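# Working through the structure, step by step
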Amino acid sequence: MDVTQVDLSHHLSSEARMRKPNPMKAIWKLTRRKPDMVSLANGDPHFSLYPIRRVEFEMASVDELDPVASWRKGGRTAPATKFTSSTYDPCALPLQTALQYSHGAGLPDAQRVVTELTNFYHSPRDHVCTLALGNSDGIAKCFRLLGEPGDFFLADEFSFSSITNAPLSQGIKWVGVKMDDGGMIPEELEKILANWNPARGRRPHVLYIVPCGQNPTGSTLSLERRKLIYEIAQRFDLMIIEDDPYYYLQYDEPSAPTTSFSTPFARSLLSLDTDGRVLRVDSFSKIMAPGMRLGWITSSALFHEHLVSYTDSSTHHPHGFGQMLITEMLSGPGGWRLEGFDRWVRSLRAEYHRRHGFFLELFEREVAPTSLARATPPEAGMFVWIRVEIEKHPRYRADLRLESRDPSAPRTNVAALMDELFERCLDSGLVIMPASIFALTADAKYDDVEDPVEDRLNYLRATFAGTEDAMEQGLTILGQTLREFFADEKQPSA
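A brief look at the structure comes next. What you see is a predicted model; the values in this text were computed from it and never measured. (Residues numbered from 1 in each chain as written. Predicted model: local features only at pLDDT ≥ 70, side-chain atom pairs only at ≥ 80, totals over all residues. Heavy atoms only, no water.)

## Quick word on the nonpolar core
The cut-off we apply is this: Put simply, buried Ala, Val, Leu, Ile, Met, Phe, Trp, Tyr and Cys residues joined by side-chain atoms within 4.5 Å make one nonpolar core. Residue burial is assigned from relative accessible area. The probe radius is 1.4 Å, only protein chains are included, and a residue is buried under 20% of its type maximum, exposed over 50%, and partly exposed in between. Here a helix means four or more residues in a row that DSSP labels H or I, a strand means two or more in a row labelled E, and each is numbered from the N terminus.
By size, the foremost hydrophobic cluster in this structure holds 81 residues, and its most contacted members are Tyr248, Phe284, Phe341, Phe359, Ile386, Leu478 and Leu482. Looking at this core, the element that brings in the most residues is helix H13 (residues 337-366), giving ten residues. Core analysis: the second largest hydrophobic core is formed by 25 residues, Phe143, Val281, Leu307 and Leu440 among them.

Structure representation (structure tokens):
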């Protein structure tokens, strides 16, 4: 793959351009100019005053044939491996280093192991890794790096609302791109960009996308679509924020009993990037534990430099305990190393394959016989996107636009009916996510009014990440609630 030197500095926000490097952190870099530097400049306590001298991690053994199954079934007696970070004993990241103040990119050893991890799976060209406090922190920093007040960003028309809420206070607005079962439709992305009305504002220059197991729809982009989207990004000069927390949870066909350990992972947009226009955000949240709050951004050196400057003047580097853990796990004595990590995530996706198979079997038993909803089997991730056949409801209407005489108004009462169904589910003891909380609001003046997203809110997001008991109870409630709701011809009382 040829790497093209493309100047993308014009994508930097005014805030990013105005931000100055933290001078204290600049001096910290100079301490590595030569070994055994004597410092009278630091303001952190000496490690001999830390009330900690050893941290031991006990984790699943990855020497088992199926380490996740062994760990899950074995409970407290499951095979385990132990590794430590210590002040005095041999380890990959000594405690006195890990718990000192550090640089915005993260501790060098921790930065090194996530770089090796990224190279192992994606082989990016001319990219640098910057540690972050999980996916959300990394994405929010990318938004600040690239967004100006009044900008429009592009995303899937149904997107995780915690993320799309993040840049709103910057004055950034969203434009939703239509999706189908295969995720974002490249032709719809191109249509938006090619037909952009300058009266609306600057044409979008940032695309936020979740290519694997998209939240909430569970859709996964094919390699063909990834290539098309990247080509569109090149032609229309888009930056791509590739948010991929479910990358390691990719599955074989739903009819297969499991996902084979030998099944390759899909190529990422980062792996296709020849220009440096992809900023990829990864996290340990879905493959280890969400409370770790540790992730990393992979970008070109230009954007890495600005991410570090932002971090050094805001959140500062991620916590030392998490950086100790990943460094010892991936490179320390007795750690998993890259081969063990790969065995763990391949075993983990096999476990999630089993869970989503169990979910779909329950769905066929409890919900499908109603003929009132159908589920789309996911190719990755933790979610099933359930289409409610709302057109079958006795109170469904498709003539609201004629009645209101407003050509931009929704055609149907789907939103109201789905709100009512959601309340019925809650009353029955079931919490399930309605599509409405994920939908990006369209602008009737400029966006498609023939098929507005408000008329396509007849979906629910359900997870198979929980217990089998929760899945069984939940889908039983959903099936019964649908039967009752679709049998009700009366308007709800005010």
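## Examining the packing of aromatic side chains
What counts here: Pairing of aromatic side chains here covers Phe, Tyr and the six-membered ring of Trp, requires ring centres within 6.5 Å, and sorts the geometry by plane angle: under 30 degrees stacked, over 60 edge-to-face, intermediate tilted. Remark: a charge is flagged as sitting over a ring if the NZ atom of Lys or the CZ atom of Arg is within 6 Å of the ring centre and within 35 degrees of the ring normal.
Under the criterion given, the structure shown has 24 aromatic pairs. Aromatic pair Tyr248 and Phe341: ring centres 5.6 Å apart, planes at 85°, arrangement edge-to-face. Remark: Phe341 occurs in helix H13 and Tyr248 occurs in the loop between strand S9 (239-243) and helix H10 (269-272); sequence separation between them is 93 residues. Like Phe341, Tyr248 is buried. Put simply, the rings of Phe120, Tyr121, Tyr247, Tyr248, Phe265 and Phe341 pair up and form one aromatic cluster. Across the ring face of Phe265, the terminal group of Arg349 is positioned such that the distance to the ring centre comes to 4.4 Å.

## Observations concerning the packing of helix H3 (residues 67-74) against H13
We apply this condition: Note on method: axes are straight lines fitted to C-alpha atoms, helices fitted across the in-contact stretch only, with angles between N-to-C directions ranging 0 to 180 degrees. Small angles under 35 degrees read as roughly parallel and large ones over 145 as roughly antiparallel, with 65 to 115 read as roughly perpendicular and the rest as oblique. Residue contacts are defined here by distance: any two heavy atoms, one from each residue, within 4.5 Å place the two residues in contact. For this classification, Asp, Glu, Lys and Arg are treated as charged, while Ala, Val, Leu, Ile, Met, Phe, Trp, Tyr, Cys and Pro are nonpolar and the rest, including Gly, are polar.
Viewed as axis vectors pointing N to C, H3 and H13 meet at an angle of 65°, and their least axial separation amounts to 7 Å. By the angle class used here, H3 and H13 are roughly perpendicular. Facing Pro67, Val68, Ala69, Trp71 and Arg72 of H3, the residues of H13 in contact are Arg343, Trp344, Ser347, Leu348, Glu351, Arg354 and Arg355. Taken together, the residues of the contact of H3 with H13 sort by class into six nonpolar, one polar and five charged.

## Here's the deal with unusual backbone geometry
Pro216 follows Asn215 through a cis peptide bond whose omega is 25°. With respect to the helices, strands and loops of the structure, Pro216 is situated in the loop between strand S8 (206-209) and helix H9 (223-235). Backbone geometry places Ser371, a non-glycine residue, at a positive phi of 60°. Position of Ser371 among the secondary structure elements: in the loop between H13 and strand S12 (373-376).

## Description of the environment of Arg293
To keep things clear, this is the line we draw: Two N or O atoms form a polar contact when they lie within 3.5 Å of each other; inside protein one atom must be a possible hydrogen donor and the other a possible acceptor, and for residues adjacent in sequence the pair counts only when both atoms belong to side chains.
Considering the arrangement of structural elements, one finds Arg293 in the loop between strand S10 (278-283) and strand S11 (295-300). Separated by 19 residues in sequence, Arg293 and Asp312 place their C-alpha atoms 18 Å apart. Ignoring any residue separated from it by four or fewer positions in sequence, one finds Arg293 in contact with Ala132, Leu133, Gly134, Asn135, Ser136, Ser285 and His319. A distance of 3.5 Å separates polar atoms of two side chains, one belonging to Arg293 and the other to Ser285.

## Some points on helix H6 (residues 134-146)
Operational definition: Every helix has an expected span of 1.5 Å times one less than the residues it contains.
When the terminal C-alpha atoms of H6 are compared, their 19 Å separation across 13 residues agrees well with the 18 Å that a helix rising 1.5 Å per residue should span. Counting buried positions along H6 gives ten out of 13 residues, so the element sits mostly inside the fold. Every buried residue of H6 is listed here: Gly134, Asn135, Asp137, Gly138, Ile139, Lys141, Cys142, Phe143, Leu145 and Leu146.

## Regarding the sheet that holds S10
For clarity, the threshold we go by: Pairing between two strands is assigned when DSSP locates at least 2 bridges connecting them.
Taken in spatial order, the seven strands of this open sheet run S3-S11-S10-S9-S8-S4-S5, and their pairing is mixed. Whereas interior strands pair on both sides, the edge strands pair on one side only; in this sheet they are strand S3 (127-132) and strand S5 (173-177). For this sheet, the mean inter-axis angle between neighbouring strands, taken without regard to orientation, is 20°. Bridge analysis of strand S4 (residues 152-156) against S8 gives two bridges, and the strand direction is parallel. Note on S8: the bridge partner recorded for Phe153 is Val206. In this fold helix H11 (residues 301-312) packs onto S3, S9, S10 and S11, with an angle of close to 135° to the strand it touches most, S11.

## Observations regarding the pattern of salt bridges
For clarity, the threshold we go by: Here a salt bridge means any side-chain nitrogen of Lys or Arg lying within 4 Å of a carboxyl oxygen belonging to Asp or Glu.
What the rule picks out here adds up to 36 salt bridges. Here Arg225 makes a salt bridge to Asp180, at a shortest N to O gap of 2.8 Å. Of this pair, Arg225 sits in helix H9 while Asp180 sits in strand S6 (residues 179-180), and the two are 45 residues apart along the sequence. On the basis of relative accessible area, Asp180 is assigned to the partly exposed category, the value being 34%. Ionic pairing is found between Arg365 and Glu366, a salt bridge with its closest N-O pair at 2.8 Å.

## Some remarks on the environment of Leu475
You can see Leu475 is positioned in helix H16 (residues 468-486). Taking the relative accessible area as the measure of exposure, Leu475 reaches 4% and is therefore buried. Between the C-alpha atom of Leu475 and that of Leu430, which follows or precedes it by 45 residues, the distance is 8.8 Å. Residues within four places of Leu475 in sequence aside, it is in contact with Phe359, Leu362, Phe363, Glu366 and Val367.

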